[in-house]
Amino acid sequence: MNIRVTLDGQSVAATLNGSPAARDLASLLPLTLDLEDFHGTERIGYPPRKLTTDGAPEPAAAKAGDIAYFAPWGNLALFYRDGPSASADLLILGHIDADTDQLAKARRITIQTSP
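Rules of the game
- Residues numbered from 1 in each chain as written.
- Predicted model: local features only at pLDDT ≥ 70, side-chain atom pairs only at ≥ 80, totals over all residues.
- Heavy atoms only, no water.
- Pairing = 2+ DSSP bridges.
- Helix = DSSP H or I, 4+ residues; strand = E, 2+ residues; numbered from the N terminus.
- Axes fitted to C-alpha atoms, helices over the stretch in contact; angles between N-to-C directions.
- Phe/Tyr/Trp six-rings, centres within 6.5 Å; stacked < 30°, edge-to-face > 60°.
- Buried < 20%, exposed > 50% of the residue type's maximum accessible area, 1.4 Å probe, protein only.
- Polar contact = N/O pair within 3.5 Å; in protein donor to acceptor, adjacent residues only side chain to side chain.
- Contact = heavy atoms within 4.5 Å.
- Core = buried A, V, L, I, M, F, W, Y, C linked by side-chain atoms within 4.5 Å.

Caption draft 1: How the structure looks around the sheet that holds strand β2 (residues 10-16). One open sheet holds the nine strands; their spatial order is β3-β9-β1-β2-β8-β6-β7-β5-β4, and the pairing between them is antiparallel. Each edge of the open sheet is held by one strand with a lone partner, namely β3 (31-34) and β4 (36-38). The sheet shows a mean angle of 30° between the axes of neighbouring strands, direction not considered.

Given below as structure tokens:
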């Protein structure tokens, strides 16, 4: 699913995969979140509720540009550096085509469905 993402007022291309968690995120759109840095690897923000983890795909390590969901905390993560090793708690939801510097500095994200 193609989505429209705006990082600090700049539009970037992004897609969500077909996983149940990604579809659950899509049901919350449009969504604007304030972002904060986490461990010098990702920007995180909290959607208004936790997403489903039913039917989660096999664990995969996050790569720079991945949009992910960390189930125990209920936060979305935008990785601007490759993440740690694969974990069943981290669900990859999609990918954002933004420069890693832009992702590293992002303070606010708006996610909308594509027209």
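Caption draft 2: How the structure looks around the packing of aromatic side chains. Counted under the stated rule, the structure contains two aromatic pairs. Aromatic pair Phe38 and Trp73: ring centres 5.3 Å apart, planes at 90°, arrangement edge-to-face. On the criterion of sequence distance, the pair formed by Phe38 in strand β4 and Trp73 in the loop between β6 (66-70) and β7 (75-79) is long-range, its members being 35 residues apart. Taking the relative accessible area as the measure of exposure, Trp73 reaches 45% and is therefore partly exposed.

Caption draft 3: Inspection of the side chain of Thr110 at higher detail. Looking at the secondary structure, you find Thr110 in strand β9 (residues 108-113). A polar atom in the side chain of Thr110 sits 3.0 Å from the side chain of Thr32. Ignoring sequence-local partners within four residues, the contact set of Thr110 consists of Arg4, Val5, Thr6, Leu31 and Thr32.

Caption draft 4: Broad picture of the pairing of strand β5 (residues 42-45). The side-chain alternation of β5 yields two buried faces, one formed by Glu42 and Ile44 and the other by Arg43 and Gly45. The pairing of β4 with β5 spans three bridges and is antiparallel. Opposite Phe38, over in β5, you have Glu42 as the bridge partner. The hairpin formed by β4 and β5 contains three residues between the paired strands, and His39 there has a positive phi angle of roughly 55°.

Caption draft 5: Focus on the nonpolar core. Ranked by size, the top nonpolar core spans 30 residues in total, and within it Ile3, Val5, Leu7, Leu76, Leu93, Ile96 and Ile109 carry the most contacts. Secondary structure elements with two or more residues in this core: β1 (2-7), β2, α1 (20-26), β3, β6, β7, β8 (90-96) and β9. The element best represented in this core is α1, accounting for four residues. With near-sequence residues (within four places) excluded, Ile96 lies in contact with Val5, Leu7, Val12, Ala13, Ala14, Gly65, Ile67 and Leu103. Within the second largest apolar cluster, seven residues are counted, among which are Ile44, Phe79, Leu90 and Ile92.

Caption draft 6: Region of interest: the environment of Gly94. Tracing the backbone through its elements, the reader meets Gly94 in strand β8. In this structure, the C-alpha to C-alpha distance between Gly94 and Ala61, residues 33 residues apart in sequence, is 13 Å. Apart from residues lying up to four places away in sequence, Gly94 is in contact with Thr15, Leu16, Asn17, Gly65, Asp66 and Ile67.

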